[in-house]
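The residues making up each chain are set out below.
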Amino acid sequence: MPPELIRNPGHSPIAATLSRVPAAWAKALGWLALVWAAALLLTGGQWIAMAHQWLTVSAYQHILFVPPIIGWLVWNRRAALAQIEPRGWWPGLVLMLGALAVWLVGSLISLNIVAQAGAVMLLQAATLTLLGPRAGAVLLFPLAFAVFLVPFGEEIVPPLQMLTADIVIALTHLSGIEAHIDGVFIDTPAGLFEVAAACAGVQFVVAMVTLGVLAAKIGMDCWPRRIALMALCVVVPILANGVRAWGTIAIAQVIGAERAGGVDHIIYGWVFFAVVVALVLALAWRWFDRDPDAEALSAARLADHPLVAKLERHSLSATTLPPLLISAIVLVGLWSALATSSAANVPVLRAPLVSGWTQVADPATPEWRPAGKAASAILLTRYRDQEGRFVDLYLAAYTGDADPTVGEEGAVPPETPWRHVEAAPAPDAMRGDRLMAYGRDRRVAWTAFVTNGTSQANPLLFRISTLGDRLRLRPEPRWIVIVSAPEPGAAPALQAFVSAADGPAALVQRSQTR
């Protein structure tokens, strides 16, 4: 074979590209890759959980486009980055410690969104620490856009459900359809419809906000226009989702509820979101006033800002910072492992004595039973008083990294006919919920979370209250206490039972000491 036809490995396209990387950048990126590897090993559980949500939950599948978008944004800035020499920046250590603290707190209190945000913040902080303020200024928007890697939106599902239900009932009445609303359930002549969590429109809002932030940054130079676009990205999807849900009910009056539901899923999954995106972009099209390449040029100008120059004075050798960062990551990982692996012992639970109430034989197949999938010990029993009123008591203990406040551990059993209707009045330190099954069976449940002899109704405040014990490696069992009774007459029966029992914390104590 002629020598000129033999491929020289040293002149491959990849090798040629790498050879053009300045030595300072090659060294900085090598250290950054090493620190990123340590951070990913620490937060691997969060990244696996996020990837699973991106792939399997329709509300988050748009996040699959976020990494390529970040890559494109960085690539657009390659010319500006080539003019900068990366430098280690020691104040970034504070950012790294802050990101590690966020991840640790989120992990210990089982707040996924906080732990996942900490995992993303760790990569952002490492990048800024090892590349320096000037490179960080150029990469500011790509780094900030990485927050959309975190699957968020579940927190706004309940208010969006209620708002969608209000829009639907208003449109239903305006269209002349007779309907009655009960929480998130709408009763019409064609049947009973539920504005379920999947119908709240969170996927519309979250995806549109992500798209809106990108479009506003790269296509608009005027802040009032950016704010107006973001308002459209929030308001239009909410209103459009309400119209979609109303359309399902209206169509059901003609073709039946089952066939209307099938049409709804087809439109919802393949057509409707595209229409919403097209509508928002059409409304905002006349506001776009700059080319995407101009956005990269404006980012390059940030590197010469006086504030960035002041920040760059605190530089440090790039070889000094990575060992410090990796050491901090390892120490926090060990601390987290010790805190989550320690578990308290839970004794055998027995039905507590409650004055004026008698324990009755438990039904072989209880009509209502919380899941308790992660519980270490469970007690479900029934009481009756002299007036013939029945109250079901559910106690469950959680140890190690198990948590009683996650969604599937509460009063609404997953994968059952029971559905949450609306909040219900409850005593202090307890949360009330009205439940319904089969469109006819109704009951009220009061829930409390207990630890160290105190009860709490708010799941977030309860998680925070347990953080101190975990950080000090002093494991204490965490409990969920649910009392439930069928309607009508549920509230008086529950109030009488809880008063006679001296509250949820007393029920937990008596279940262990009887």
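Scroll up to find the structure this text is about.
Residues numbered from 1 in each chain as written. Predicted model: local features only at pLDDT ≥ 70, side-chain atom pairs only at ≥ 80, totals over all residues. Heavy atoms only, no water.

### A short note on the overall build of the protein
Within the protein, the regular secondary structure consists of 19 helices and 13 strands. With the C-alpha coordinates of the protein rotated into their principal frame, the extents come out at 95 × 60 × 55 Å. Looking at the protein residue by residue over its 514 residues, the buried ones come to 46%. Looking at charge distribution, the protein has the averaged site of its 36 positive side-chain charges lying 8 Å from that of its 36 negative ones. (Helix = DSSP H or I, 4+ residues; strand = E, 2+ residues; numbered from the N terminus. Buried < 20%, exposed > 50% of the residue type's maximum accessible area, 1.4 Å probe, protein only. Lys, Arg positive; Asp, Glu negative; His and termini not counted. Charge placed at Lys NZ, Arg CZ, Asp CG, Glu CD.)

### Here we look at the packing of aromatic side chains
To describe a pair of aromatic rings, you give the distance between the ring centres and the angle between the ring planes. Taken as a whole, this structure holds seven aromatic pairs when the rule is applied. Geometrically, the ring pair formed by Phe-141 and Phe-145 is tilted, given 5.7 Å between the ring centres and 45° between the ring planes. With Phe-141 and Phe-145 both in helix H8 (residues 140-145) and four residues apart, the pair spans about one turn of that helix. Considered together, Phe-141 and Phe-145 belong to a single accessibility category, that of buried residues. Between Phe-148 and Phe-152, the ring centres sit 6.2 Å apart and the planes meet at 40°, which makes this aromatic pair tilted. Residue Phe-148 is classed as buried on the basis of its relative accessible area, which comes to 9%. By the ring-pair criterion, three or more aromatic residues cluster together here, those being Phe-141, Phe-145, Phe-148 and Phe-152. For the cation-ring pair, Lys-217 lies above Phe-141, with the distance from its terminal atom to the ring centre recorded as 5.2 Å. (Phe/Tyr/Trp six-rings, centres within 6.5 Å; stacked < 30°, edge-to-face > 60°. Lys NZ or Arg CZ within 6 Å of the ring centre and 35° of its normal.)

### Here we look at the pattern of salt bridges
Across all of its chains, the model carries 12 salt bridges by this definition. Close ionic contact of Arg-472 with Asp-469 constitutes a salt bridge, the shortest N to O distance being 3.2 Å. For Arg-510, the salt bridge identified is with Asp-502, shortest N-O distance 2.7 Å. Look at Asp-502 and you get exposed, because its relative accessible area is 58%. Within this structure, Glu-367, Arg-382, Asp-392 and Arg-443 form a network of salt bridges that share partners. (Salt bridge = Lys/Arg side-chain N within 4 Å of Asp/Glu carboxyl O.)

### Side note on the sheet that holds strand E2 (residues 180-182)
The strand order across the open sheet built from three strands is E2-E3-E4, with neighbouring strands paired in antiparallel fashion. A strand with exactly one partner marks an edge of an open sheet, and here the two such strands are E2 and strand E4 (191-194). Each neighbouring strand pair of the sheet contributes to a mean axis angle of 25°, computed without reference to strand direction. Note that E2 and strand E3 (residues 185-188) share three bridges and pair antiparallel. Paired with Ile-181 across the bridge in E3 is Ile-186. Each of E2 and E3 is contacted by helix H9 (residues 157-174), which is oriented at about 170° to E2, the strand it contacts most. (Pairing = 2+ DSSP bridges. Axes fitted to C-alpha atoms, helices over the stretch in contact; angles between N-to-C directions. Contact = heavy atoms within 4.5 Å.)

### Looking at H9
Taking 1.5 Å per residue as the helical rise, H9 with its 18 residues ought to reach 26 Å, and the 25 Å between its terminal C-alpha atoms agrees with that figure. Among the residues of H9, those classed as buried are Val-157, Leu-160, Gln-161, Thr-164, Ala-165, Ile-167, Val-168, Ile-169 and Thr-172. Of the residues trailing H9, Gly-176 is marked for its positive phi of about 85°. (Expected span 1.5 Å × (residues − 1).)

### Some details on the nonpolar core
Ranked by internal contacts, the top residues of the largest apolar core, which has 65 residues, are Trp-47, Phe-145, Leu-149 and Ile-329. Core analysis: the second largest hydrophobic core is formed by 29 residues, Val-391, Trp-446, Val-483 and Ala-490 among them. (Core = buried A, V, L, I, M, F, W, Y, C linked by side-chain atoms within 4.5 Å.)

### Structural notes on the pairing of strand E7 (residues 377-385)
Within E7, seven of the nine residues are buried, leaving the element largely enclosed by the surrounding structure. Examined bridge by bridge, strand E6 (residues 357-360) and E7 share four bridges and lie antiparallel to one another. Directly across from Gln-359, in E7, lies its bridge partner Tyr-383. In this structure, E7 lies alongside strand E8 (residues 390-398), joined through eight bridges in antiparallel fashion. Bridge pairing in E8 links Arg-384 to Phe-390. Hairpin remark: E7 followed by E8, antiparallel, with four residues in the connecting loop; positive phi at Gly-388, about 85°.

### Some remarks on the state of the cysteines
All told, the structure shown has zero disulfides when counted by the stated rule. Not part of a disulfide, Cys-233 finds its nearest cysteine sulfur in Cys-222, a span of 16 Å. (Disulfide = S-S within 2.5 Å.)

### Here we look at the packing of helix H4 (residues 66-76) against helix H13 (residues 292-302)
Between two packed helices, the angle of one axis relative to the other and the distance separating the axes together describe the packing. Between H4 and H13, the least distance of the axes is 9 Å, while the angle of their chain directions is 65°. The angle between H4 and H13 falls in the class roughly perpendicular. In the packing of H4 onto H13, the handedness of the crossing is right-handed. For the pair formed by H4 and H13, the contact residues are Trp-72, Leu-73 and Asn-76 on the first element and Pro-292, Asp-293, Glu-295 and Ala-296 on the second. Considered class by class, the residues forming the contact of H4 with H13 number four nonpolar, one polar and two charged. (Parallel < 35°, antiparallel > 145°, perpendicular 65-115°, else oblique. Left-handed = near helix turned anticlockwise from the far one by under 90°. Nonpolar A, V, L, I, M, F, W, Y, C, P; charged D, E, K, R; others polar.)

### Comments concerning unusual backbone geometry
Along the chain, Glu-487 connects to Pro-488 via a cis peptide bond; the corresponding omega equals 0°. Mapping Pro-488 onto the fold places it in the loop between strand E13 (478-486) and helix H18 (490-501). A positive phi angle, near 55°, is found at Asn-452, a position not held by glycine.

### Details of the environment of Pro-86
Structurally, Pro-86 can be placed in the loop between helix H5 (78-82) and strand E1 (88-89). Using a relative accessible area of 10% as the deciding quantity, one classes Pro-86 as buried. Note: C-alpha distance between Pro-86 and Gly-132 (46 residues apart in sequence) is 5.8 Å.

So far we have only geometry, and geometry alone does not tell us how the molecule works.
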